[in-house]
Amino acid sequence: MTTRDTEWRVDLRNTLTAKERAAVPRVEMPEQHPYIRNRNNEEVNLGLTSEMAVREAQRCLDCVNPTCIDGCPVSIDIPAFIKNIERGEFLESARVLKKTSALPAVCGRVCPQEKQCEAKCIYHKMKKEPVAIGHLERFAADYESGSGTISVPETAPANGIKIAVVGSGPAGLSFAGDMAKYGYDVTVFEALHEIGGVLKYGIPEFRLPNYVVDVEIDNLRAMGVKFLNNTVIGKTISIDDLKADGFQGIFVGSGAGLPRFMNIKGENLVGIMSANEYLTRVNLMDASNPDADTPVYKGKNVAVIGGGNTAMDSVRTAKRLGAERAMIVYRRSEEEMPARVEEVKHAKEEGIEFLTLHNPIEYYGNERGQVTQMLLQVMELGEPDESGRCSPVVVEGETRLIDVDEVIVSVGVSPNPLIPQSVSGLTLSKWGTIEVNKDTMQSGIPMIFAGGDIVRGGATVILAMGDGRQAAKAMNEWVLKN
Ligand code: FAD
Ligand code: SF4
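Cut-off values and rules
- Residues numbered from 1 in each chain as written.
- Chains lettered and ligands numbered in written order.
- Predicted model: local features only at pLDDT ≥ 70, side-chain atom pairs only at ≥ 80, totals over all residues.
- Heavy atoms only, no water.
- Helix = DSSP H or I, 4+ residues; strand = E, 2+ residues; numbered from the N terminus.
- Rg over C-alpha atoms; globule rule 2.2 N^0.38 Å.
- Buried < 20%, exposed > 50% of the residue type's maximum accessible area, 1.4 Å probe, protein only.
- Contact = heavy atoms within 4.5 Å.
- Areas by Shrake-Rupley, 256 points an atom, 1.4 Å probe, with all protein chains shown as cover.
- Lys, Arg positive; Asp, Glu negative; His and termini not counted.
- Charge placed at Lys NZ, Arg CZ, Asp CG, Glu CD.
- Near = heavy atom within 4 Å.
- Polar contact = N/O pair within 3.5 Å; in protein donor to acceptor, adjacent residues only side chain to side chain.
- Nonpolar A, V, L, I, M, F, W, Y, C, P; charged D, E, K, R; others polar.
- Domains from an automatic or database assignment.
- Salt bridge = Lys/Arg side-chain N within 4 Å of Asp/Glu carboxyl O.
- Pairing = 2+ DSSP bridges.
- Axes fitted to C-alpha atoms, helices over the stretch in contact; angles between N-to-C directions.
- Patch = residues over 30% accessible without salt bridge, like charges linked within 9 Å, V, L, I, M, F, W, Y side chains within 5 Å.
- pLDDT = per-residue confidence, 0-100.

S.K.: Help me out: how do you make sense of the overall build of the protein in this one?
M.R.: For the protein, the helix and strand inventory stands at 19 helices and 15 strands. On C-alpha atoms alone, the protein measures out to a radius of gyration of 23 Å, which is about the 23 Å that the 2.2 N^0.38 rule sets for 482 residues. Dimensions along the principal axes, computed over C-alpha positions, put the protein at roughly 70 × 60 × 50 Å. Taken over 482 residues, the protein has a buried fraction of 56%. Partitioning the intrachain contacts of the protein with sequence separation of at least 6 by distance along the chain shows that 70% fall at a separation of at least 24. Total accessible area on the protein is roughly 21,000 Å²; 51% of this is exposed by carbon and sulfur atoms. Here the protein contributes 53 positive and 65 negative side-chain charges, whose respective centroids are spaced 3 Å apart.

S.K.: Could you clarify how one ought to interpret the site of ligand 1 in this entry?
M.R.: Taken together, 38 residues surround ligand 1, and among them Val110, Glu190, Arg207, Ile233 and Asp453 come closest. In this structure, a nitrogen atom belonging to ligand 1 sits 2.7 Å away from a main-chain N or O atom of Val110. In isolation ligand 1 has 1,000 Å² of accessible area, and contact with the protein removes 94% of it. For the shell around ligand 1, the secondary-structure elements that each account for two or more residues are helix H10 (170-182), helix H11 (198-201), helix H15 (309-320), helix H17 (418-422) and helix H19 (461-481). Residue contributions to the shell around ligand 1 peak at three residues, all from H15. Partitioning the shell around ligand 1 into residue classes produces 19 nonpolar, 14 polar and five charged. There are two domains that each give the shell around ligand 1 at least three residues, and those are domain 2 (162-257 + 415-481) and domain 3 (259-409).

S.K.: Sorry, what's going on with the pattern of salt bridges here?
M.R.: Oppositely charged side chains are able to pair whenever their charged atoms sit close together. With the rule as written, the count across this model stands at 36 salt bridges. Residue Glu334 pairs with Lys348 through a salt bridge whose shortest N-O separation is 2.5 Å. With Glu334 in the loop between strand E8 (325-330) and helix H16 (341-349) and Lys348 in helix H16, this pair connects stretches of sequence that are 14 residues apart. With a relative accessible area of 40%, Lys348 lands in the partly exposed category.

S.K.: What is the right way to read the side chain of Glu343 from this model?
M.R.: With respect to the helices and strands, the residue Glu343 is situated in helix H16. At a separation of 2.4 Å, a polar atom in the side chain of Glu343 contacts the side chain of Arg340. Not counting chain neighbours up to four residues away, the residues in contact with Glu343 comprise Arg207, Asn309, Met312 and Arg316.

S.K.: Whenever I open this one, the site of ligand 2 confuses me. Can you help?
M.R.: Close to ligand 2 lie Cys60, Leu61, Cys63, Pro66, Cys68, Pro79, Cys121, Ile122, Val131 and Ile133. By residue class, the composition of the shell around ligand 2 is ten nonpolar, no polar and no charged.

S.K.: Before we go on, may I ask you to explain the sheet that holds strand E15 (residues 448-450) in this structure?
M.R.: The pairing of strands in a sheet comes from backbone hydrogen bonds and takes either a parallel or an antiparallel form. Spatially, the five strands line up as an open sheet ordered E3-E2-E1-E4-E15, and their pairing is parallel. Single-partner strands in this sheet number two, and they are strand E3 (226-228) and E15. For this sheet the average axis-to-axis angle between neighbouring strands, irrespective of direction, equals 25°. The strands touched by H19 within the sheet are strand E1 (162-166), strand E4 (247-252) and E15, with E4 carrying the most contacts at an inclination of about 160°.

S.K.: Hey, could you run me through the side chain of Thr280 in this one?
M.R.: Mapped onto the elements of the fold, Thr280 is located in helix H14 (residues 275-284). Here the side chain of Thr280 touches Asn276 through a polar contact of 2.5 Å, landing on its backbone oxygen. If near-sequence neighbours (up to four positions away) are discounted, Thr280 is found in contact with Tyr201 and Met285.

S.K.: For this particular structure, what's the right way to read helix H6 (residues 78-86)?
M.R.: Note that an α-helix has 3.6 residues per turn; residues three or four places apart therefore point the same way. Of all nine residues making up H6, nine are buried, and the element is well covered by its neighbours. Within the span of H6, buried status applies to Ile78, Pro79, Ala80, Phe81, Ile82, Lys83, Asn84, Ile85 and Glu86.

S.K.: What's the story with a nonpolar patch on the surface in this structure? I'm lost.
M.R.: A contiguous nonpolar surface patch, about 270 Å² in accessible area, is contributed by Ile150, Tyr211 and Val215. Relative to the helices and strands, Ile150 resides in the loop between helix H9 (133-147) and E1. Ile150 gets classed as partly exposed once you look at its relative accessible area, which sits at 38%.

S.K.: So what exactly am I meant to see when it comes to the confidence of the model for the protein here?
M.R.: On average, residues of the protein score 94 in pLDDT, and 97% of them reach the 70 mark or higher. Here residues 1-10 is a poorly scored stretch, pLDDT under 50, and it has 30 contacts once near neighbours within four places are set aside; other chains count.

S.K.: Whenever I open this one, unusual backbone geometry confuses me. Can you help?
M.R.: Residues apart from glycine generally show negative phi values, whereas peptide bonds are mostly found in trans. Its identity is not glycine, yet Asp62 carries a phi of approximately 50°, on the positive side. If you trace the backbone, Asp62 turns up in the loop between helix H4 (50-59) and helix H5 (67-70). When its relative accessible area of 8% is taken as the criterion, Asp62 is described as buried. With a phi close to 65°, Met441 is a non-glycine residue in the positive phi region. Among the structural elements, Met441 can be located in the loop between H17 and E15. Residue Met441 is classed as buried on the basis of its relative accessible area, which comes to 3%.

S.K.: Even after reading the chapter, I still don't get the environment of Asp403, so can you show me in this structure?
M.R.: For Asp403, the position within the fold is in strand E12 (residues 390-403). Taking the relative accessible area as the measure of exposure, Asp403 reaches 45% and is therefore partly exposed. When the C-alpha positions of Asp403 and Leu428 are compared, they lie 42 Å apart, and in sequence the two are 25 residues distant. A polar contact is formed between the side chain of Asp403 and the side chain of Gln373, at a distance of 3.2 Å.

Listed below in C-alpha cells is the structure:
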C-alpha cells in the first residue's frame, strides 16, 4: 500500500458532515445521445465538468480505513486524489494519481471499477451508489492534460542499467514507468507500428481515443523511457541479442493476442473473422475507409459471438459502420457476461440486439462462399462451472436459423506464442501462459519477469498494470542483489 497524503485532510473536515456528504446523489456522466453516437466514432462519455467533479468528490467520506484502495491493483491513494478535487486542487490530484499509475486517463475510462475500487467503497454498506472513482480519475487526468501543465513524476538519478520491455500494452507501460522512476535505462520493444497494445489496436476511439493514450506515452518518454516500434522480439531481435546488448533484466508483457475460434462447420466462410482481426483493421489500418489498402467488409446483418468487452467493442463498431441489425450472440445469460456493465448498457441504448442463451452450431453460405445464415442452438442455464458462473446447457431439439452477412467471433484469446516458444527454459502452463512466481512475477529464468495477459490469459488493463508494478519492484530488488 502507498504512503497516503494526509496534510490536506484537516481543511475539509468541517465543510460538510458525513450525513450531508452521503445525501449527495452520485453525479451522472454526461454522454452523447445514443441515436447520434451510434453513427459516429466520437467518445461516448463526455467527461465531468469541474463543478460536477467537485460535487461528486464531496460524496467521498475520506474513510479512516479506505477499503477502496485495496480494490485498486496499482494502489492509487484514492481519498487523497478525490479530496484534492474537492478542494479544487485539480493538478495536485493528477499528481497523486501519477505517483502509482502510469495510465490514469486510460484507467478512468476502461477499468471495470464496479469490480475493483468502487466495489469496495463503503457506500455499498449503506445501500448507496459508490463514489464514482473512475469518473473522477478521468476528470483529474484530463484536466491536467488539457491544462498544458503536465507534471512528470520524479525519477531517481540514472543508474545506467539497461532494462528491456517486450510489448507496449498496459503491463509493459506500467512496468516501464516504475523502472524509470527507480532510475533505470528502459527500452520498450513493440512488434506493431503503434505503441499501446490493446489500448490502441483493440479498444475503439469511441471508448478510448488514441490521443488519450498518446498523452500517457509522452509522459513516459518525458521520464526517459525509449520506445522502438516495428520490432518483434524473438524474430527481429532475439532475447540473446538483448543480453549481448547489455540488457540486465527483461520484462515480457506480450499479451494474449491470438484469437480462438469455435471450429464449427462453415466457420471459414467469407465474412466470418475474429474480433482481433476486425478491430485491428478498423482501429489501426483505417479499414473502414473504402479507399484503404485492405478495406473491411461492412455487413448489414452482423452477429458477434461472445459476451466480453471485445465482443461489445466489435458489435458497436459494426453498428457505427452501418449495420442495420447488429447482434450479440452469447451462450449464457446477461448476468454471466464478462463485459463491463457500462459497455452492455451503452450497447443496448445504441440499438444492439442481445441473443443470450444462444450458441452458433453451423454457418451456411451462398455459391460465392459468403456467409448468409447461422444456425443457433438454444441454451439454458445449468449448475455453476469452475468459473463460478452457471454453465450453458443445450435445450435438445430447439434451434433458430438467422440471416447474417458478417460474423465476428469473439470467444476468447490465447497467449502470443512467439516468446514462450522462442525462449528455452521458460515454464509454461497448459494454456501456453508463462508461469511466474506470483509475488515477484519472476519466471524460471531469473533475468526474465512477465506480467499481464501473457501470464493471466485475457484479463484486464488494471490487472496487467498491477503486474507491471509488482514486477518492477521485484526486478529492482533482484538487480540490486545481483
Ligand atoms: P497487450 O495490451 O495485448 O499488449 C501486448 C503488446 O505486446 C502488443 O502491443 C503486442 O503487439 C506486443 N507484442 C507481442 N509479442 C511481441 C514480441 N514478440 N515483440 C514485441 N512486441 C510484442 N480490459 C479492461 O480492463 N477494460 C476494457 O474495457 C477492456 N476492453 C478490451 C477490449 C478489447 C477489444 C480487448 C482485445 C481487450 C480489452 N480489455 C479490456 C483487456 C485488456 O485490454 C488486456 O487485458 C490488456 O491490454 C492486457 O495488457 P498486456 O500489456 O498484457 O497486453
Ligand atoms: Fe471515499 Fe468510498 Fe474510498 Fe471511503 S471507500 S475513501 S467513501 S471512495
